[in-house]
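# Reading the structure
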Amino acid sequence: MASNAFADRYDDIIRHPQMRALYGDSGYFNVGYWVDGIEDQPQACRRLVEEIARAIPADARLILDVGCGVGAATRQLALMFPDAEVVGCNLSAWQLAEAQARGVGRVIEMDAAHMPVASDTVDVVIALESAQHFDTRELFLREAHRVLRPGGTVVVADMLFADREAIGSWMLPAENFVASPSAYANLLNRLGFSHVEVEDVADRTWRPHCAMMRTLSPGHSGRIDAFERSLAHYVLASGRKG
């Protein structure tokens, strides 16, 4: 699907009334990290950003948030790392405008597989639940490796689906398939990353998120059940360049 068509269609999902019911006006759009008694979706989303941030070096000065959505997570990272420039990156001009309205200072409209960013210039590249949409993960991770400075870090929260149709095959390129956490680790290693860590956290992310969706949309429980079954693994992954 052409980039603009994908972005327009995905924007419509974010604006859908069911998604509004789930996320409100929080500016978050991820499944969240459901630990420590968290009971609502925006709180779980904030907690996921905190979990991702654990892999970010404290001295990072330039962070790319690739597939930044409508900006709340990017803004949270900027507040957590006040000495860094945190840049929101996305295909969608509408999402980037929303991110700027939420206080994201710098944005780049771009394809994650072809970053208009100079080599060896970035400290951290993040993809928070966006890499499943890229065409492809491998091209994105190659680009991440290129733009990172030696010792720079890539951090991803990524969903590995076994059934594309339940979610919508248009948003999950078939060429982007990765089967398992071990295959993910192998991909990162093959592309030149070291200190690779990959963990499956589906029980703390995807499954409680689906439970929350059932609570808010009881009339769609059958469809949500299919969503839940479609996911094979939810991975938190990181690696270092060189």
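Because the structure is predicted, anything quoted here is derived from the model rather than measured.

A few words now on the side chain of H145. For H145, the location among the structural elements is in helix α6 (residues 137–147). Within polar-contact distance, the side chain of H145 engages the backbone oxygen of G192 at 3.4 Å. If we ignore the near neighbours within four places in the chain, the residues touching H145 are L191, G192, F193, K241 and G242.

Right, let's get into unusual backbone geometry. Geometrically, the link from D135 to T136 is a cis peptide bond, its omega value of 15° lying close to zero. For T136, the location among the structural elements is in the loop between β4 (122–128) and α6. Positioned with a positive phi, D120 is a non-glycine residue whose angle comes to about 60°. Structurally, the position occupied by D120 is in the loop between β3 (106–109) and β4. Positive phi, close to 60°, is recorded for E129, a residue that is not glycine. Here E129 shows up in the loop between β4 and α6.

Turning our attention to the pattern of salt bridges. Summed over the entire model, instances satisfying the criterion amount to 18 salt bridges. The residue R15 makes a salt bridge to D12 at a minimum N-O spacing of 2.9 Å. Remark: D12 and R15 occur in helix α1 (residues 3–15); sequence separation between them is three residues, near one turn of the helix. Exposure remark for R15: the relative accessible area of 35% places this residue in the partly exposed category. Counted as one network, the salt bridges with shared partners bring together D36, R47, E50, E51 and R54.

Turning our eyes to something else, we now look at the nonpolar core. In a soluble, globular protein the nonpolar side chains are often hidden away together inside. Formed by 49 residues in total, the largest nonpolar core has its most connected members in I56, I63, I126 and Y234. Here this core gets six residues from one element, more than from any other, and that element is helix α3 (residues 41–53). Aside from chain neighbours lying at most four places away, what touches I56 is I63, L77, F81, V124 and I126. L62, V117, L148 and V154 belong to the second largest nonpolar core, which has 31 residues in total.

The rules behind each value
- Residues numbered from 1 in each chain as written.
- Predicted model: local features only at pLDDT ≥ 70, side-chain atom pairs only at ≥ 80, totals over all residues.
- Heavy atoms only, no water.
- Helix = DSSP H or I, 4+ residues; strand = E, 2+ residues; numbered from the N terminus.
- Polar contact = N/O pair within 3.5 Å; in protein donor to acceptor, adjacent residues only side chain to side chain.
- Contact = heavy atoms within 4.5 Å.
- Salt bridge = Lys/Arg side-chain N within 4 Å of Asp/Glu carboxyl O.
- Buried < 20%, exposed > 50% of the residue type's maximum accessible area, 1.4 Å probe, protein only.
- Core = buried A, V, L, I, M, F, W, Y, C linked by side-chain atoms within 4.5 Å.

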